[in-house]
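As a plain string of letters, each chain reads:
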Amino acid sequence: MDNLEEDLTCSVCYSLFSDPRVLPCSHTFCKSCLDNLLQVTANYSIWRPLRLPLKCPNCRGVVELPPMGVEALPTNVSLRAIIEKYQSDSSPRHPFCEEHHRQPLNMYCIQDRQLICGLCLTVGQHQGHPIDDLQAAFIREKETPSLLLARLSEQRWAQVCELGEQLEQEKARCEGLVRQDRQEVNEYFQTLELVLARKRQAYLEALDKAAAEVSRTYDPLILKVKELQEEQLDLVSVGSSVEEEASPLVFLEQVHLFRGRVEEFIKIPLPLAINLSVTPRAAEHLQQNWPAVTIGSLEEAPVPKVCCCARCGGVEASLESEAGGDQPELHGQNLWCELQTASSVVLLGLLLLLAALWVNPVGGASLGFSLLSQFSQLVHGLSSELITSVWDSAGSVYTVMEAAVERWSSQLSSVGNEACQQLTALFKTLTSQ
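Analysis parameters
Residues numbered from 1 in each chain as written. Predicted model: local features only at pLDDT ≥ 70, side-chain atom pairs only at ≥ 80, totals over all residues. Heavy atoms only, no water. Helix = DSSP H or I, 4+ residues; strand = E, 2+ residues; numbered from the N terminus. Buried < 20%, exposed > 50% of the residue type's maximum accessible area, 1.4 Å probe, protein only. Contact = heavy atoms within 4.5 Å. Areas by Shrake-Rupley, 256 points an atom, 1.4 Å probe, with all protein chains shown as cover. Pairing = 2+ DSSP bridges. Core = buried A, V, L, I, M, F, W, Y, C linked by side-chain atoms within 4.5 Å. Expected span 1.5 Å × (residues − 1). Arc of directions from axis to C-beta. pLDDT = per-residue confidence, 0-100.

Naming follows an unreviewed UniProt entry, where the protein chain appears as Tripartite motif-containing protein 59 of Eleginops maclovinus.

Draft legend 1. Quick look at the overall build of the protein chain. Helix and strand content of the protein chain: 15 helices and nine strands. Residues counted as buried form 22% of the 433 residues belonging to the protein chain. In the protein chain, 53% of the contacts between residues at least 6 apart in sequence involve partners at least 24 apart. Summing over all exposed atoms, the protein chain offers an accessible surface of approximately 30,800 Å²; the carbon and sulfur share of this is 58%.

Draft legend 2. The sheet that holds strand β6 (residues 114-116), seen in detail. As summarised here, the arrangement of the three strands in space is β6-β5-β7, forming an open sheet in which the pairing is antiparallel. Across the chains shown, the open sheet's two edge strands, defined by having one partner strand only, are β6 and β7 (131-132). Here two bridges tie strand β5 (residues 107-109) to β7, and the two strands are oriented antiparallel to one another. From the neighbouring strand, cysteine 109 faces β7, where its bridge partner is isoleucine 131.

Draft legend 3. Just the nonpolar core, in detail. Residues Leu23, Leu34, Leu54 and Leu65 are the most contacted members of the largest nonpolar core, which totals 18 residues. For this core, the secondary structure elements donating two or more residues are β2 (28-30), α2 (31-42), β4 (62-65) and α3 (77-89). Residues contacting leucine 34, with those up to four places away along its chain left out, are Arg21, Leu23, Phe29, Leu54, Val70 and Leu73.

Draft legend 4. Local environment of α3. Its 13 residues place the ends of α3 19 Å apart at the C-alpha level, agreeing with the 18 Å of an ideal helix rising 1.5 Å per residue. If you check which residues of α3 are buried, you get Leu79, Ile83 and Tyr86. Down the axis of α3, the smallest arc covering the buried residues is 65 degrees, so these residues share one side. Every exposed residue of α3 that faces more than 90 degrees away from the buried side is listed here: Val77, Ser78, Glu84 and Lys85.

Draft legend 5. Examining the confidence of the model for the protein chain more closely. Of all residues in the protein chain, 67% attain a pLDDT of 70 or more, and the chain-wide mean is 74. Confidence drops under a pLDDT of 50 for residues 312-342, and excluding neighbours within four residues, the segment shows 30 contacts in the predicted structure. Counting contacts from residues 408-413, a segment whose pLDDT is below 50, to residues more than four positions away or on other chains yields five contacts.

Laid out in structure tokens, this is it:
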């Protein structure tokens, strides 16, 4: 087929012959190609006016055409018939059905919108479907797009555009609301964070005060113990050097001095071991109070005042539970707790006495003597063991009482300070007897 197409191609335009004409030299060309060649040749020809010269593109020979020109040349009828048959055979053919062998797809199924064969329509999947010729269906639906476009009126276009603008405005409004809510959420939780930070800082400051109180309580005692340790180590060193002294006179002098230092050191009372309790504990307080705190009452959430207080009962119990403990130390702790109880009673009586003297100085004097006699009986009514222990431990108890009075004086009012002074004076009177 390729060779045949080459033989049916014009050597001038390289296309299939269109209205082929035969020159006197027996070469064939398209009529339009010969007209173009004749026009070009006539512009430069000095040939006889009754004849039209033409140079053949194939053989290069000059031929004379009739006065009528290319129109008078004979048509190559056989070649034109061959070209028409070739064109008809080369036209596209219907494809074959993949389901039914060698059956052309020459029908158009309107329902499924696809080409089908005859067997598909009679016994296949498209049985009973409406069909039509593909070209006829194409011609029938040719005007459908324009009809559909006509239905898209200007009014509907305006409605669609208006709806689009409305949706854009609603979207912008909702986005603005979301941004506003986001800002409010951030501000709200930032406020909560500030409140929580203040509560946390207040709690930590309360704990710092408790830590400072612990330091004020224990640091002097620890310093005192360290001084005692250094003093005892120094005495041990001095005693070792005295033992190595060879001179009798110097030895006796050093022993005398060493004996004095040791006796003075032994007389120094040991500080009492104070057992402080930090109350309230953070875990217990938070578990008891903070679970019930709501967001609205966060500002009113309780922050405790953490304090450190001595637990006499706890010390006494712990000391009693130790097997083989130091009994004098245990006795001193019990004595201290009993003294605290007695001092509370005495302090209460002194406060009542001061109040009576302030209300009625004259009548309060007699009342004061009465109260003093009753308190004297109360003091004498204490256990003999307590009185004996007071005399035996006067020095150490006096030191403890001075520290207690100093600590209490910073927390009581002016009346309380005066009462503490009177209590101290009373205790000094008792110890001096």
